Amino acid sequence: MRRQKRDRLDRAYSNGYQAGLCGRNKENCPYQNATAKSEWLGGWREAVSDRHSGLFK
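Presented here is an overview of the structure given in this document. No experiment lies behind these values; they were computed from the predicted model shown. (Residues numbered from 1 in each chain as written. Predicted model: local features only at pLDDT ≥ 70, side-chain atom pairs only at ≥ 80, totals over all residues. Heavy atoms only, no water.)

1. A few points about the overall build of the protein
From N to C terminus, the protein includes 2 helices and 0 strands. Every one of the 57 residues in the protein was classed for burial, and the buried ones make up 25%. Sequence separation of at least 24 residues holds for 65% of the intrachain contacts in the protein that already meet a minimum separation of 6. Roughly 4,500 Å² of accessible area belongs to the protein as shown, and the carbon and sulfur atoms make up 45% of that amount. (Helix = DSSP H or I, 4+ residues; strand = E, 2+ residues; numbered from the N terminus. Buried < 20%, exposed > 50% of the residue type's maximum accessible area, 1.4 Å probe, protein only. Contact = heavy atoms within 4.5 Å. Areas by Shrake-Rupley, 256 points an atom, 1.4 Å probe, with all protein chains shown as cover.)

2. A few points about the nonpolar core
Membership of the largest hydrophobic core is limited to 6 residues, which are Ala19, Cys29, Trp40, Leu41, Trp44 and Val48. The biggest single contributor to this core is helix 2 (residues 34-53), with 4 residues. (Core = buried A, V, L, I, M, F, W, Y, C linked by side-chain atoms within 4.5 Å.)

3. Some remarks on helix 2
In this model, helix 2 (20 residues) spans 28 Å end to end at C-alpha, consistent with the 28 Å of a helix rising 1.5 Å per residue. Every buried residue of helix 2 is listed here: Ala36, Trp40, Leu41, Gly43, Trp44, Ala47, Val48 and Asp50. Capping of helix 2 at its N-terminal end is provided by Asn33; its side-chain oxygen lies 3.2 Å from the backbone amide nitrogen of Thr35. Of the residues trailing helix 2, Gly54 is marked for its positive phi of about 95°. (Expected span 1.5 Å × (residues − 1). Polar contact = N/O pair within 3.5 Å; in protein donor to acceptor, adjacent residues only side chain to side chain.)

4. Considering the environment of Glu27
With respect to the element layout, Glu27 can be found in the loop between helix 1 (2-22) and helix 2. Looking at Glu27, the relative accessible area reads 61%, which means it is exposed. On a C-alpha basis, the gap between Glu27 and Leu41 in space is 9.4 Å, while along the polypeptide they are 14 residues apart.

This is the structure in structure tokens:
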């Protein structure tokens, strides 16, 4: 059970990161669960930061 939860949260983080790289708005988060939403937003923030620092175009 623990592995499934971790995988789900890792997937939420990855999806958020991809959304941030694509330039999507953080209001477009598809998750309702607070934990998954937090992971998605964390990925989104990191991707936006990476884009601004010049790692991605």
